[in-house]
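Okay, here's what each chain looks like letter by letter:
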Amino acid sequence: MSGEIYLTREFFHKMHDEFEQLKKDSIRISGEIETARLQGDLSENAEYDAAKEAQAHNAARRSDLEDKLARAKIIEDQDIPSDKIY
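Source: prediction; values computed, not measured.

So, the pattern of salt bridges
Moving on, step 1. Within this structure, the stated rule accounts for 8 salt bridges.
Moving on, step 2. One salt bridge in this structure joins Arg61 and Glu18, with 2.9 Å as the shortest N-O distance. Within this pair, whereas Arg61 is found in helix α2 (residues 46-71), its partner Glu18 is found in helix α1 (residues 9-37), the two being separated by 43 residues in sequence.
Moving on, step 3. Residue classification places Arg61 among the partly exposed residues on the basis of a relative accessible area of 28%.

So this is what it looks like as structure tokens:
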């Protein structure tokens, strides 16, 4: 994707906090996958399937947030022209 994303400082920090939490969750999910893998047959292992699904969701959300944070431009009230609609 390209182009800037305009965010308030508060929302930027909220997104950044979520991104950091997702990174921490990723480590926990990896442990859950390893624990489920040790239980044996993966074809009928609901815990393994759930952990893999959580891992995929986590990775997709992290990727989305990382992209948006990289393109974010913090806006302040004084930076917003009053003669245009955004």
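More follows now that the structure is in view.
Overview of the nonpolar core
Moving on, step 1. Judged by nonpolar contacts, Ile5, Leu7, Met15, Phe19, Leu22, Leu65 and Leu69 together constitute the single largest core of 7 residues.
Moving on, step 2. Among the elements of the structure, β1 (5-8), α1 and α2 are those that each provide at least two residues to this core.
Moving on, step 3. At 3 residues, the largest contribution of residues to this core is made by α1.
Moving on, step 4. Setting aside chain neighbours within four positions, we find Leu65 in contact with Met15, Glu18, Phe19 and Leu22.
Moving on, step 5. Ranked by size, the runner-up nonpolar core spans 5 residues in total, among them Ile29, Ala36, Tyr48 and Ala51.

Description of the environment of Ala56
Moving on, step 1. Its location among the elements puts Ala56 in helix α2.
Moving on, step 2. Sequence separation between Ala56 and Ser26 is 30 residues; the distance between their C-alpha atoms is 9.7 Å.

Regarding α2
Moving on, step 1. Taking 1.5 Å as the rise per residue, α2 with 26 residues should run 38 Å; its terminal C-alpha atoms sit 38 Å apart, in good agreement.
Moving on, step 2. Where α2 is concerned, the buried positions are Tyr48, Ala51, Asn58, Leu65, Leu69 and Arg71.
Moving on, step 3. Against the buried residues of α2 lie β1, α1 and β2 (72-75).
Moving on, step 4. For α2, the N-terminal cap is Asn45; the gap from its side-chain oxygen to the backbone nitrogen of Glu47 is 3.1 Å.

A word on the environment of Ala36
Moving on, step 1. Tracing the sequence through the fold places Ala36 in helix α1.
Moving on, step 2. For Ala36 and Tyr48, which are 12 residues apart along the polypeptide, the C-alpha to C-alpha distance reads 5.0 Å.
Moving on, step 3. Excluding its chain neighbours within four sequence positions, the residues that come into contact with Ala36 are Leu42, Asn45, Glu47 and Tyr48.

So, how was this worked out
Once a new chain begins, its residue numbering starts again from 1 and follows that chain's sequence as written. The predicted nature of this model means local features are confined to residues of pLDDT at least 70 and side-chain atom pairs, given and counted, to a pLDDT of 80 or more, with totals for whole chains, interfaces and linings taken over all residues. In computing side-chain properties, one takes all heavy atoms of the structure into account and sets aside hydrogens as well as water. Criterion for a salt bridge: a side-chain nitrogen of Lys or Arg within 4 Å of a carboxyl oxygen of Asp or Glu. Secondary structure elements follow DSSP: runs of H or I of four or more residues count as helices, runs of E of two or more count as strands, with numbering from the N terminus. Exposure classes here rest on a 1.4 Å probe applied to the protein chains alone. A residue is buried below 20% of its type maximum, exposed above 50%, and partly exposed in between. Think of a nonpolar core as a cluster: buried Ala, Val, Leu, Ile, Met, Phe, Trp, Tyr and Cys residues, connected wherever their side-chain atoms sit within 4.5 Å. Residues are treated as being in contact if the distance between any of their heavy atoms lies within 4.5 Å. What a helix should span is 1.5 Å times the count of its residues minus one. In protein, a polar contact requires one atom able to donate a hydrogen and another able to accept it; more generally it is a pair of N or O atoms within 3.5 Å, and residues adjacent in sequence count only if both atoms are side-chain atoms.

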